[in-house]
Number of protein chains: 8
Amino acid sequence: MDKAQIKNILTHVQSGQMSVKQALDKLKSLPFDDLGFAKIDTHRSLRKGFPEVIYCAGKTLEQITEIVKRIPGKQLLLATRAGPEVFQAVKKVRADAVYHELPRVIIAGKVKVPKLLTIAVASAGTSDIPVAEEAALTAEVLGNRVKRLYDVGVAGVHRLFAHKDILLKANVVIVVAGMDGALASIVGGLVSRPVIAVPTSVGYGAHFNGVAPLLTMLNSCAPGVAVVNIDNGFGAGYMAGLVNQNNEKEDDE
Amino acid sequence: MDKAQIKNILTHVQSGQMSVKQALDKLKSLPFDDLGFAKIDTHRSLRKGFPEVIYCAGKTLEQITEIVKRIPGKQLLLATRAGPEVFQAVKKVRADAVYHELPRVIIAGKVKVPKLLTIAVASAGTSDIPVAEEAALTAEVLGNRVKRLYDVGVAGVHRLFAHKDILLKANVVIVVAGMDGALASIVGGLVSRPVIAVPTSVGYGAHFNGVAPLLTMLNSCAPGVAVVNIDNGFGAGYMAGLVNQNNEKEDDE
Amino acid sequence: MDKAQIKNILTHVQSGQMSVKQALDKLKSLPFDDLGFAKIDTHRSLRKGFPEVIYCAGKTLEQITEIVKRIPGKQLLLATRAGPEVFQAVKKVRADAVYHELPRVIIAGKVKVPKLLTIAVASAGTSDIPVAEEAALTAEVLGNRVKRLYDVGVAGVHRLFAHKDILLKANVVIVVAGMDGALASIVGGLVSRPVIAVPTSVGYGAHFNGVAPLLTMLNSCAPGVAVVNIDNGFGAGYMAGLVNQNNEKEDDE
Amino acid sequence: MDKAQIKNILTHVQSGQMSVKQALDKLKSLPFDDLGFAKIDTHRSLRKGFPEVIYCAGKTLEQITEIVKRIPGKQLLLATRAGPEVFQAVKKVRADAVYHELPRVIIAGKVKVPKLLTIAVASAGTSDIPVAEEAALTAEVLGNRVKRLYDVGVAGVHRLFAHKDILLKANVVIVVAGMDGALASIVGGLVSRPVIAVPTSVGYGAHFNGVAPLLTMLNSCAPGVAVVNIDNGFGAGYMAGLVNQNNEKEDDE
Amino acid sequence: MDKAQIKNILTHVQSGQMSVKQALDKLKSLPFDDLGFAKIDTHRSLRKGFPEVIYCAGKTLEQITEIVKRIPGKQLLLATRAGPEVFQAVKKVRADAVYHELPRVIIAGKVKVPKLLTIAVASAGTSDIPVAEEAALTAEVLGNRVKRLYDVGVAGVHRLFAHKDILLKANVVIVVAGMDGALASIVGGLVSRPVIAVPTSVGYGAHFNGVAPLLTMLNSCAPGVAVVNIDNGFGAGYMAGLVNQNNEKEDDE
Amino acid sequence: MDKAQIKNILTHVQSGQMSVKQALDKLKSLPFDDLGFAKIDTHRSLRKGFPEVIYCAGKTLEQITEIVKRIPGKQLLLATRAGPEVFQAVKKVRADAVYHELPRVIIAGKVKVPKLLTIAVASAGTSDIPVAEEAALTAEVLGNRVKRLYDVGVAGVHRLFAHKDILLKANVVIVVAGMDGALASIVGGLVSRPVIAVPTSVGYGAHFNGVAPLLTMLNSCAPGVAVVNIDNGFGAGYMAGLVNQNNEKEDDE
Amino acid sequence: MDKAQIKNILTHVQSGQMSVKQALDKLKSLPFDDLGFAKIDTHRSLRKGFPEVIYCAGKTLEQITEIVKRIPGKQLLLATRAGPEVFQAVKKVRADAVYHELPRVIIAGKVKVPKLLTIAVASAGTSDIPVAEEAALTAEVLGNRVKRLYDVGVAGVHRLFAHKDILLKANVVIVVAGMDGALASIVGGLVSRPVIAVPTSVGYGAHFNGVAPLLTMLNSCAPGVAVVNIDNGFGAGYMAGLVNQNNEKEDDE
Amino acid sequence: MDKAQIKNILTHVQSGQMSVKQALDKLKSLPFDDLGFAKIDTHRSLRKGFPEVIYCAGKTLEQITEIVKRIPGKQLLLATRAGPEVFQAVKKVRADAVYHELPRVIIAGKVKVPKLLTIAVASAGTSDIPVAEEAALTAEVLGNRVKRLYDVGVAGVHRLFAHKDILLKANVVIVVAGMDGALASIVGGLVSRPVIAVPTSVGYGAHFNGVAPLLTMLNSCAPGVAVVNIDNGFGAGYMAGLVNQNNEKEDDE
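If you're wondering where the values come from, they're calculated on a predicted model, not measured in any experiment.

## Here's the deal with the sheet that holds strand β3 (residues 98-100) of chain F
The strands making up a sheet associate through backbone hydrogen bonding, with each pair oriented either parallel or antiparallel. Residue and element names in this part refer to chain F. With mixed pairing, the 4 strands of this open sheet are ordered in space as β1-β2-β4-β3. If you trace the sheet from one side to the other, it starts and ends with β1 (52-55) and β3, each paired once. Each adjacent strand pair in this sheet contributes to an overall mean axis angle of 15°, direction not counted. Contacting β2 (77-80), β3 and β4 (105-108), helix α5 (residues 129-141) runs over the sheet at an angle of about 15° to β4.

Following this line, the structure appears as structure tokens:
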């Protein structure tokens, strides 16, 4: 029930076509989403041009294809944690679906890149690339320019410094690191823009599937670092996209 | 050693006042921060008008006052985790220091509020206010407009919804919550701007001094939520300030 | 040995048919369950019409079918954590067995639904449905009316609110949620009846296979929420059934 | 804004005293709690005769007395985790306040005991009594008859069995236990009514301040056991009160 | 109610002095401990000559002295975790009470040492002595000969080996160790009798208040090692006493 | 080098056949095991008639058969954690090997049962049987009479009590329990002999693969309970065997 | 850009072939690794004769062979955590590659053994050998003499002592142990040289995949013990190699 | 009993002054440390000139002064974790004792600095200095030259790089860091000598009293890093001293 419907009710009351009691009954069952929380539905299908996101882990192929079918024709679609078998199933429903194997991401529809500032995605090791790519693709699908800086871990800090320009020019930096997760602190100490840190499950032993870099990042001695869940490349890309968004807004004005 | 100094060396080489070997020796000891990492020093004293920050926990009174003395006259100063005895000591060195008792924060110097969009700080319970205030004061010191929404926890979700306008209009939202930390997910589901979540150590038993809300927030089913360390109000305020900053930049253009 | 038997012994002593020593020997071996703990056996086969429950995980097919065979003809039977191969084996012994694939539950026998108040089962995400169904089926087998509210997670809180009537009318609410587990707190804040919260292992990273929502639920800032083990849909359905039961009792009077 | 107010608006629209647009504006800002979530406010001040609850830990004396002052004259008041200094402060505002030292609970106002079935509170050791009393007093303040069974731990199981009648007759049983927490499983195996289990922080070493009994209780091999947070006597009493409540309702009809 | 009482009832029924119904009523309330579980009460007051044990932590002075008062005149009494103030209070009730300061143990009554084999108590460091003494005193109070081997930690393994005779001749060995807890494995590898291992909270950092030696001991690569709770000197002494006991029994026959 | 050899050296020195320096050199290289630690080797092949034990997990088939080959002809052999493929390999080397499928235990050689008191093995659930059998078989191989009490968990405590005689007559009781592990406390409260508790990994969710019952057992409120590692049936059987052994010794005298 | 290049720039400035501005621009982009941090690149390809190391876990076959191809002809190559399929792939690119199956290590190129002191590698159990071999091979590839002492665990401490000479003569000792990890403390107490301790994931139950020996080792009561990650044989071998290296240096002078 | 004594016995046997039996008896009680494990006693009083070390935490003043009294006259003495009251007590026994307040270290006796290479001690934050000083003083007392680099944390990495010469010239580097512990990885990536990493308990929230930097350091992506216990400055200084020692040895040859 939207504004129009409420207005309609009120108009009917005004005109006498509806009694006060009838109106009261109708308004009583007024669903919450009608009250103007414009965004409420946006966590799924965001503003025009924004993608519909499907987190595939734990969903059956049937559930996933059902969701895809319900998405209007050419709308942008981002499916994460999608194995090859998911892609095969989605492909049948959305012929324009493209599969990114390493990050296990499916994208369908056409991405428009607006005039946004850059988001840099830095990752520590070769094994962190799948998560980094999930972040990068998510940010791109949300309409951001993305610069990738892979394999720039702390053990060879000169590789990171060799590309300092990319970091310093970015409006947001996503840092993806397993092992000791120290890259987030180094980058946080270098740049003056928000750093979104993603611990990964890459490591072994006292790494505890990502707990080690998670704690490192939460305890970063550099301010300006906030953290998302272990391996949550999507979350980092989404968060970075939100941060980067208001530049666009300003540009438009 | 800055650009000027390097230029000076080169000029002396050019003019023959300095041998190549002498120049090489001088350049060899070239400190890293001279190489153009403009920001490198900014983690302490940020750009003009930005505060010097002192994290007081674990520092002796002598160490704190020594640091305060080294800060130029009227520069903005933010001291966190500062007990009353710290304030007494700082007050002697900086007469303009003001103490915020609940969040145990000292501020000295004059804050200029630029034309930034609002940062909303929402906290769940009465006991979360000290951390929320640390976040709010930090954001204010960094030059942001801050709106406070305290005691709007999930158990009485109508209190939160009663103030939805503040949340929906904010450019960044900081959510401070102990107990179950569920407020972050609710707010993350309502707004379409970045949410910085701060778990607090408010709780008992299986709360494990903040681990419960920390995990809740890291696992938020609403995207657009990033997390800082338990009780890290400063970190959240700082992060929110960075995010909010680029609007200002855009405004200036 | 029940009251009748003890009385019998005493009568025989009284009549001289049994010596004091003989009686003493008989009473000495008096098994505990004869002392009037009527319920003691009921944890397995509850009161008339109540199901025999088999937890299949960790049991061999032989053990399970052996147990099923010992259950009288048409008695209600609920088998949880039962894979398809378990169903195949049970089917041979109980031809009336029906398999519920998602929650991996087998039900045999006929359920009578008495005039009980409703139990609502709300679940947060699509992946939580198997656990939610285990809870719902358990409650139904115990003779309750169950209303299902699936996919009403906190990230889109309006979906939950759209069905508030179901929640508000229920006599007990079961909340099933993985990820951040925040749904339990929201529901606990809305209803004035007992909420049984079931954390699920749906999630990843710092979710720790259900620890995150478990802690969220144990720390719920809404009172009236009690928690069962991770993924323990059966336990929640059983608990809710016990709570709902006394209405029936009252109805009977 | 309640029904009366909405009705008022509609009547004014009907009568022409208010335009549709004016009505729409008024309804737009309609706070959520006006929509019929009758219970929403009840988490604080429940239905008539129900207490206002203050969790004192982490609140200043000023905050607590401020809350107490806002509670209408003779309304029932329950303050938990209240040190003697809290009682001194509350006493000044509510002269009828009574202090329970062991459970650190303050009660003010007069409790009416309706015709409810009994709630039994069983505790394992002497040191668990404070938490057990918090549960018992909470249940009493909510209008329940409470039977206490203290010091009936598993190490001397005969003491428990000696009082089996109390357990078997109760409509709900609260089990409070530290150390190994095994009492919950034993009681859960004996009774056929819901058991609310409260782990306590009583113990040492590998007890981890209550984690040991918490896990024991969550893994109870007896169904019909649900768990609240460590030391959460209030939560258990509240939950038990909700469960016990519907008998009252039935009695009334 | 013991055998004699039951016999008495039966005799009265036989003689006609008591009706069957009267007997039934009496037997109905038959407390569990009368049924022949000879030991049931023994966890408190063990067989003749065995001590009454009071765990003082978490009990008020009033509760402790109340318990002491209920213990018959000269019966052996062991109170553990007893601060000096507890001793002062107990002293007033039991004039023969003796205080052991380091292990915070009170003993009252006279210990008889029967012809039992020796229990050896080995401890790793100076700081483990309080727990070791709690174990040694407990074993002594239970009537065992105890040999103490203190400060024989693994870092100087020769000190341990210098006293190997004591270990090899003991019937049971109690090993008390904090830090790395490695002593239990060494001793377990040397002796062919049961080893009761007690981890202590002596240590810091990644010791986690005794978790480190607890895990070491649970994972001992030497078989014949069983573990009690962290700092549970009493439990180890008690267990060792039980193990040592059957030799006495054999001696008697 | 044994006493005889040292004596030999000394005799040669005495007789002048060996110089002091030569003797000193010989004594200097004196291996430790020659010094009379008779038992040192016994952790593997214990006293005559005792089994050689092989823990198969983590060993290759080659390593295992190599070890088996080195064991003298008919010596008793116990191999634990042995899959069927291990049995196939061992069978080829030791034709008298017998496989116990559930506990995955191989036994070869003939067990002599001496006149020892009984060891009772009580287990809580059907799924705990494999671990219980590992304990029972180990105890039997070590020459003990074993009584099995399976499926006597706390949820139906009457089943346990129905067999109380077995427990009360045993010289040692092994309690094997997963889930809540509460059985150890109950049994510990019933018997007056040592209880060896074995937590099992049977359970799910907040069971954490055996951590829940491990903590329960370490915190047992009944004294006389010591704990071995999760699923360590062998360790419990071995420990119980050591405890039971000294009766035999006494019998012999 | 190395010293030579900087010198070149300066010479050109001196000679007037390059303006100061041009030189400044060139120096401005000076990559960090040119500044004399000679070692910076050495974490990968160390000094002449040192191996290139590839950690294979989490890398695709393509990534690994790509890295191998980039390594100059005959340079020493060490690949760890390499399954047989990795070896097949590497073999095609480097014909001189040799596979060590148990530690899953590939070595290619020729190792020169300089006149270094010995590194001893002691391991506790048969199942620890793979990690011990990874350490030993790493140390050998780095040019060290290695002595292996396998299966010398604490349960049979005489086996360790029988080889004390090897330990006492070594310049560094690597201790590899799972289970209780106690071997590190024993060895640390025996030798007067640095001990590098490697906990392994060999164990079960409360071993937590290596956490138990990790904590044991971190809490070693013997000083002179430092720890690397669980199963990190490579790290231990590398660290030991670094420690042993300066003897070589001294030898050379 | 040392070589001289054994020689003495043998000489007496040779000369006939002692019978073989008498000699055998004397040798039988031969303490282990006489057998040539030269180092065995050295963990306490190392080679000539090395300090006696007392870890004061958990020891009573009486125990500490007793130990100090037993140390010969002017021998070097290092007491760690010593509060001011410990110093007062030690001062009375050893007049030459000097107190270092921040690291709570007492040193008595005169330190000789041999011709060893340098040990660098780098610490991240001001609050890490006490632990860093414990490490530095320990290394100095062991006869090493120590260079201190304090407050060079990762957030301002230029401060570290400004002093790179000290790091690159050191023979061993000790890194002391709380918070995120990232400094160890950075330094490990810069130097080519062993790095001993000390996590500190400096931090809050998800720092868990040092667990965060402990995990960071154990997972360091730079090889050549080994870790000691949280806050174990002594252990790091001792380990570094052992590593540095063999240069001295080489120098002597």
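Still more to cover.
## Considerations on the packing of aromatic side chains
Applying the stated criterion across every chain, the model contains 28 aromatic pairs over all chains. A cation over an aromatic ring shows up here: arginine 81 of chain C above the ring of tyrosine 204 of chain F, its NZ or CZ 4.1 Å from the ring centre.

## Structural notes on helix α9 (residues 211-218) of chain D
Counting buried residues in α9 of chain D gives 8 out of 8 residues, a clear majority hidden from the surface. Among all positions of α9 of chain D, only Val211, Ala212, Pro213, Leu214, Leu215, Thr216, Met217 and Leu218 of chain D are buried.

## Notes on the environment of alanine 95 of chain G
The topology assignment puts alanine 95 of chain G in the loop between α4 (84-93) and β3 (98-100). Take alanine 95 of chain G: its relative accessible area is 64%, and that puts it in the exposed class.

## Some words on the pattern of salt bridges
Taken as a whole, this structure holds 32 salt bridges over all chains when the rule is applied. With its nearest N and O atoms 2.5 Å apart, the salt bridge here joins arginine 148 of chain A to glutamate 133 of chain A. Of the two residues, arginine 148 of chain A sits in strand β6 (residues 145-149) while glutamate 133 of chain A sits in helix α5 (residues 129-141), which places them 15 residues apart along the sequence. The exposure class assigned to glutamate 133 of chain A is buried, which follows from its relative accessible area of 14%. Where arginine 148 of chain G meets glutamate 140 of chain G, a salt bridge forms, and the shortest distance between an N and an O atom there is 2.9 Å. The class of arginine 148 of chain G is partly exposed, set by a relative accessible area of 31%. Residue classification places glutamate 140 of chain G among the partly exposed positions, given a relative accessible area of 24%. Each of Glu133, Glu140 and Arg148 of chain A takes part in one network of salt bridges that share partners.

## Points about unusual backbone geometry
Positive phi, close to 55°, is recorded for asparagine 209 of chain B, a residue that is not glycine. Residue placement: asparagine 209 of chain B occurs in the loop between β8 (195-199) and α9 (211-218).

## Some remarks on the domain arrangement of chain A
All names here are of chain A. In terms of domains, chain A is made up of domain 1 (27-108) and domain 2 (116-252). Both faces combined, the contact of domain 1 with domain 2 buries some 1,200 Å², and carbon together with sulfur accounts for 71% of it. Glutamate 134 is the salt-bridge partner of arginine 81, the closest N and O atoms lying 3.5 Å from each other. The tally of links from domain 1 across to domain 2 stands at 1 residue pair in polar contact (both at pLDDT 80 or more). Sorting the residues of the side of domain 1 that touches domain 2 by element identifies β2 (77-80) and β4 (105-108) as the ones contributing at least two each. Here the side of domain 1 that touches domain 2 is built from residues that sort into 10 nonpolar, 2 polar and 2 charged.

Calculation notes
Residues numbered from 1 in each chain as written. Chains lettered and ligands numbered in written order. Predicted model: local features only at pLDDT ≥ 70, side-chain atom pairs only at ≥ 80, totals over all residues. Heavy atoms only, no water. Pairing = 2+ DSSP bridges. Helix = DSSP H or I, 4+ residues; strand = E, 2+ residues; numbered from the N terminus. Axes fitted to C-alpha atoms, helices over the stretch in contact; angles between N-to-C directions. Contact = heavy atoms within 4.5 Å. Phe/Tyr/Trp six-rings, centres within 6.5 Å; stacked < 30°, edge-to-face > 60°. Lys NZ or Arg CZ within 6 Å of the ring centre and 35° of its normal. Buried < 20%, exposed > 50% of the residue type's maximum accessible area, 1.4 Å probe, protein only. Salt bridge = Lys/Arg side-chain N within 4 Å of Asp/Glu carboxyl O. Domains from an automatic or database assignment. Buried area = accessible area lost by both parts, 1.4 Å probe. Polar contact = N/O pair within 3.5 Å; in protein donor to acceptor, adjacent residues only side chain to side chain. Nonpolar A, V, L, I, M, F, W, Y, C, P; charged D, E, K, R; others polar.

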